[in-house]
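Reading the structure
This is what each chain is made of:
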Amino acid sequence: MSELIDNRAHRVRTLKGIIKELHSGAAPETVKERLKTIVQETDYSEIVAMEQELMAEGMPVEEIQSMCDLHSQLTREVLVQLPAKPVPPGHPADTFRRENEAIRGVLLRMREAMAAIERLPDEADPSAELLAWRQAYNDLMDIEKHYQRKEHALFPYLERYGITGPSKVMWAKDDEVRRYLKDLGAALQERGTTAGEWKLVAATLGQAVLSAVEEMIYKEENILLPMCLDTFTEDDWAETWAASPRYGWCLVEPRSGYQPPESKLREPVQLPADKGVQLPTGTLTVQQLLGIFSTLPVDLTFVDAEDRVAFFSEGPDRIFSRSRAILGRKVQHCHPPKSVDVVEHILTDFREGRQSAAEFWITFQGKFVHIRYFAVRDEKGEYLGTLEVTQDLTRLRKLEGERRLLEYDAPAAN
C-alpha cells in the first residue's frame, strides 16, 4: 500500500513539475514527449491533485484556466480511460452524460452547417446554410442549464470534501464558453453578408465555440463525473437530484428509474408552523414568516460573519436560482472566479466598517436587475453578515405619471 501511495505522490510531483515548465514557457511538444516518457499512465485524481497543489502554492486560478486546455491535451495520452461507472437511469450522472451526448449532436449539426458554408463560392448567398447554423446555435444555448446545474448542484458537494480546484477552474472555463457563445450569437444576428464573410466567422468564433464545448465535455466525462461518483455519498446524490429541477434540463429530460429513498433526502430542521417568533416589533409564526419571504418582490440571501451562506428566500420567480446545497457554503465558492475579488472586497469593507452598502445593476436574460448588498450589524455595531437583495426592476422603470385608482394588474384568482 505504501508503495502505491509513494508511486502516486511521485506521479503528481512529476506532473506538477512538467506543467510548471509549460507555464514558464517550455515548448508544448517538448514537454509532451517528456511527459509520455516519464509518466506512463495516470488517472483523473492525480491530475486534480496536481492542479490543487499548484493553486495551494500560489499559482493563480486565472493562469491555470488560461493553460487548462493545453494541460488537457498534454495529459490526454497518459490519462487512464476508466470505464464509466454504471448508474440507474435518471441518476444525476446519467442525466449529465445524456445531455453531453445531445450536445455532441448539436455540435455536429453546427459543424455541418459551417462546412456547407465553406463549400460555397465566396460571393454566394448562404441563407439556407445560415438558417441551419442559427437553429443549431439556438439549441446549443440550452447548455446554460447544464452549466448552472453543474456549478450549483455538483460543485458544493465536492467542496465539502475539500476538492475546490475543479470547481474554480471549470467554472472559469464555463464562463469562457459563455463568452464565446455570446460573441457568436451577436455575429449570427447579422444579415445580408456573403459566404466569404461567414467563412471568417466560422473559422474564428464558430471554431472557438466548438473547441471549447467539446473540451468541457471531455473534462466532465473523464474528470468531473468520475470524481463525483467516487466521492459522493448516496445522500449527496439524493440532494443533487432534488436540487436539479430548479435549474432545468439541457436538450433531454431525465429518464425514470432513479428514486432516492425518502430517508436520504435531508430536510432542514422544522419548527412547528404555528410556533411564534418573538421580535421587538411583533410576533410572527414560522408559517407567516415563510409566507412573507415567499411574497416579497425581492430575492434575499444572507451570508453570515464567517462568509457562509446561511439563508435564502424562495419566491416563485427567483432571478438567480438557489439550491439548499449552497447552505453552509463559502460565498466565495458561489461566484465564478472572475468576480471573487469583488466579493472579497465588499465583505472586507463591510467587516471592517468602511462601507455598509454596495449596489450593481445589470441586464440579465432580458431583465433589468438591481443587486444590492447591505452590511448587517447588531445594536453595538458588530458585523453579523451581509444581506444580498436582488430585484427585477424592468416593469418599475417603465412607470410614468400616477395611479390613484384601484386597478389590478393580474387577473382575479379563481
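Source: prediction; values computed, not measured.

Turning our eyes to something else, we now look at the packing of aromatic side chains. Enumeration according to the criterion identifies eight aromatic pairs in this entry. Ring centres 4.9 Å apart and planes at 50° place the aromatic pair Phe320 and Phe364 in the tilted group. Here the residue Phe320 occupies a position in the loop between strand E4 (309-312) and helix H13 (337-351), and Phe364 occupies one in strand E5 (residues 357-364), the gap between them amounting to 44 residues. The exposure class of Phe364 is partly exposed, given its relative accessible area of 22%. Three or more aromatic residues joined by ring pairs form one cluster here, namely Tyr157, Phe232 and Trp237. Lying over the aromatic face of Phe96, Arg149 brings its terminal NZ or CZ to 4.6 Å of the ring centre. One cation-aromatic arrangement involves Arg397 over Phe368; the distance from NZ or CZ to the ring centre is 3.7 Å.

With 88% of its residues at a pLDDT of 70 or more, the protein chain shows a mean pLDDT of 86. Averaged over each element, pLDDT in the protein chain is lowest for helix H1 (residues 2-23) (66) and highest for helix H5 (residues 92-119) (97). The low-confidence segment residues 1-6, where pLDDT is below 50, has zero contacts with residues more than four positions distant or belonging to other chains.

In this section: the pairing of E5. Sheet topology places E5 next to strand E6 (residues 367-377); eight bridges connect them, and they run antiparallel. Opposite Trp361, over in E6, you have His370 as the bridge partner. Two successive antiparallel strands, E5 and E6, enclose a turn made up of two residues, where Gln365 displays a positive phi of approximately 50°.

Now for the pairing of E4. As a general feature of sheets, a regular strand has side chains that alternate between the two faces. Relative to E4, strand E3 (residues 299-304) runs antiparallel, the two being bridged by three bridges. Residue pairing for E4: Val303 is matched across the bridge by Val309.

Not every positive phi belongs to a glycine, and Leu251 is a case in point at roughly 70°. Within the element layout of this structure, Leu251 appears in the loop between helix H11 (234-243) and strand E1 (276-279). Positive phi, close to 70°, is recorded for Asp307, a residue that is not glycine. Structurally, the position occupied by Asp307 is in the loop between E3 and E4. Judged by its relative accessible area of 8%, Asp307 is buried.

Another point: the pattern of salt bridges. Within the structure shown, the criterion is met by 25 salt bridges. Its salt-bridge partner being Lys85, residue Asp230 comes within 2.4 Å of it at the nearest N-O pair. Of this pair, Asp230 sits in helix H10 (residues 195-231) while Lys85 sits in the loop between helix H4 (61-75) and H5, placing them 145 residues apart in sequence. Exposure remark for Asp230: the relative accessible area of 41% places this residue in the partly exposed category. Linking Arg395 and Asp409 is a salt bridge whose minimum nitrogen-to-oxygen distance equals 2.8 Å. Of this pair, Arg395 sits in the segment after strand E7 (383-392) while Asp409 sits in the segment after E7, placing them 14 residues apart in sequence. Given a relative accessible area of 47%, Arg395 falls into the partly exposed group. You can call Asp409 exposed: its relative accessible area is 53%. Connected via shared salt-bridge partners are Glu144, Glu151, Asp175 and Arg178.

Along the polypeptide, Asp94 turns up in helix H5. Using a relative accessible area of 7% as the deciding quantity, one classes Asp94 as buried. Apart from residues lying up to four places away in sequence, Asp94 is in contact with Val87, Pro88, Pro89 and Arg255.

Here we take up the packing of helix H6 (residues 127-140) against H10. At a minimum axis distance of 14 Å, the contact between H6 and H10 shows a crossing angle of 20°. Taken together, the axes of H6 and H10 lie roughly parallel to each other. You can see that H6 and H10 cross each other, and the crossing is left-handed. Residues Leu130, Trp133, Arg134 and Leu140 of H6 form the contact with H10, whose own contacting residues are Trp198, Val201, Ala202, Gly206 and Val209. Tallied by class, residues from the contact of H6 with H10 come to seven nonpolar, one polar and one charged.

Thresholds, definitions, all that
Residues numbered from 1 in each chain as written. Predicted model: local features only at pLDDT ≥ 70, side-chain atom pairs only at ≥ 80, totals over all residues. Heavy atoms only, no water. Phe/Tyr/Trp six-rings, centres within 6.5 Å; stacked < 30°, edge-to-face > 60°. Helix = DSSP H or I, 4+ residues; strand = E, 2+ residues; numbered from the N terminus. Buried < 20%, exposed > 50% of the residue type's maximum accessible area, 1.4 Å probe, protein only. Lys NZ or Arg CZ within 6 Å of the ring centre and 35° of its normal. pLDDT = per-residue confidence, 0-100. Contact = heavy atoms within 4.5 Å. Pairing = 2+ DSSP bridges. Salt bridge = Lys/Arg side-chain N within 4 Å of Asp/Glu carboxyl O. Axes fitted to C-alpha atoms, helices over the stretch in contact; angles between N-to-C directions. Parallel < 35°, antiparallel > 145°, perpendicular 65-115°, else oblique. Left-handed = near helix turned anticlockwise from the far one by under 90°. Nonpolar A, V, L, I, M, F, W, Y, C, P; charged D, E, K, R; others polar.

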